[in-house]
Amino acid sequence: ADPADLTGLRVLLTADLLARAAELSGLQVLTARAFTGKPGDEAAVERAADALGIHPPALPADDPAGSWPGGPAHVHVADEGYAVEDGLGGVMVRAGAARLAPDAGLGGAAAGALGGHDPLAVRLALISLPRHQPAELTAGELAGAAQRLGEWRRRVAGWAEFPSGAIPGPAAATVRAAFGGLDTVAVLALLNGMAGDETALPGPRFETFLFADRVL
């Protein structure tokens, strides 16, 4: 397997975002994960998924169309190359191909699919792009994501020192609507604008970031 290929992890990340967004809207979610790669690679994928903050599956998935509590799966998440099986049923959500650019593998092949980068910077870089759009993450993009993470962590820690405040109604509506369509790009744009708006009170900014981070 190509150690720079992030496609499988992007599929798992898309499913993770979908499950979190559904739970945020009050739905009960049961997830299952079907591994279609080489048997020897499964453990490495599981470790990388855990590092990316992807919740582990709740159910086994030996049969993607299997009967689980509540019946067959209502939603399937796969990459663009996955052929839909007859009778699979449910809604298919696609994730575009993703890989590390040649300049982005800090640790070479031994560093695995994350290339030696901060896993949460990789997660942020991936969700900064539309999920269906092919992605080739460069060293510059990953460095920028890591820098933004650091800046947001510092800001949130500072806002936490102030009295809390309600999330502004328009911001809450934007976040909920965006997550309803898995539009993480729109949510990140809102957070970027709020982080840079020094006229906004710290408390509402803190609560908005925490609310969005339940999915992001």
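As a reminder, the structure under discussion sits directly above these lines.
Residues numbered from 1 in each chain as written. Predicted model: local features only at pLDDT ≥ 70, side-chain atom pairs only at ≥ 80, totals over all residues. Heavy atoms only, no water.

Student: When you look at the packing of helix α3 (residues 119-127) against helix α4 (residues 139-159) in this model, what are you seeing that I'm missing?
Tutor: Where α3 contacts α4, the axes come no closer than 8 Å and their chain directions differ by 105°. Taken together, α3 and α4 sit at an angle that is classed as roughly perpendicular. Contacts between α3 and α4 involve Leu120, Ala121, Val122, Leu124 and Ala125 from the former and Leu142, Ala145, Ala146, Arg148, Leu149 and Arg153 from the latter. Considering only residue class, the contact of α3 with α4 consists of nine nonpolar, no polar and two charged. (Axes fitted to C-alpha atoms, helices over the stretch in contact; angles between N-to-C directions. Helix = DSSP H or I, 4+ residues; strand = E, 2+ residues; numbered from the N terminus. Parallel < 35°, antiparallel > 145°, perpendicular 65-115°, else oblique. Contact = heavy atoms within 4.5 Å. Nonpolar A, V, L, I, M, F, W, Y, C, P; charged D, E, K, R; others polar.)

Student: Explain the pairing of strand β1 (residues 75-79) here, please?
Tutor: Taken residue by residue, a regular strand's side chains alternate between the two faces of the sheet. Covered by surrounding structure in β1 are His76 and Ala78 only, the residues Val75, Val77 and Asp79 on the alternate face being uncovered. Across five bridges, the pairing between β1 and strand β2 (residues 91-95) is parallel. Each bridged residue has a counterpart across the sheet, and for His76 the counterpart in β2 is Met92. (Buried < 20%, exposed > 50% of the residue type's maximum accessible area, 1.4 Å probe, protein only. Pairing = 2+ DSSP bridges.)

Student: Would you explain unusual backbone geometry in this entry?
Tutor: A negative phi angle characterises most non-glycine residues, just as the trans form characterises most peptide bonds. A positive phi angle, close to 55°, is found at Leu182, a residue other than glycine. Residue placement: Leu182 occurs in the loop between α5 (169-180) and α6 (184-196).

Student: I'm lost on the layout of surface pockets in this one. Help?
Tutor: To locate leftover empty space, one rolls a probe as large as a water molecule over the atoms. Considered as a void within the structure, the second largest pocket measures approximately 400 Å³ in volume. Around the second largest pocket sit 18 residues that line it, and Leu120, Leu149, Trp152, Asp213 and Leu216 are the ones nearest its centre. Of all the secondary structure elements, the ones that give two or more residues to the lining of the second largest pocket are α3, α4, α6 and α7 (202-213). (1 Å grid on protein atoms, 1.4 Å probe; cavity = no way out; pocket = protein on both sides within 12 Å on 5 of 7 lines; lining within 4 Å. Points joined across faces, edges and corners; volume = space filled by probe spheres on them.)

Student: Which parts of the structure should I look at to understand the packing of α5 against α6?
Tutor: What describes two packed helices is the angle between their axes and the distance between those same axes. As a packed pair, α5 and α6 sit with axes 9 Å apart at the nearest point and diverge in direction by 155°. Comparing their axes, α6 and α5 come out roughly antiparallel. Taken together, the residues of α6 that come into contact with α5 (itself represented by Ala171, Thr174, Val175, Ala178 and Phe179) are Ala186, Val187, Leu190 and Met194.

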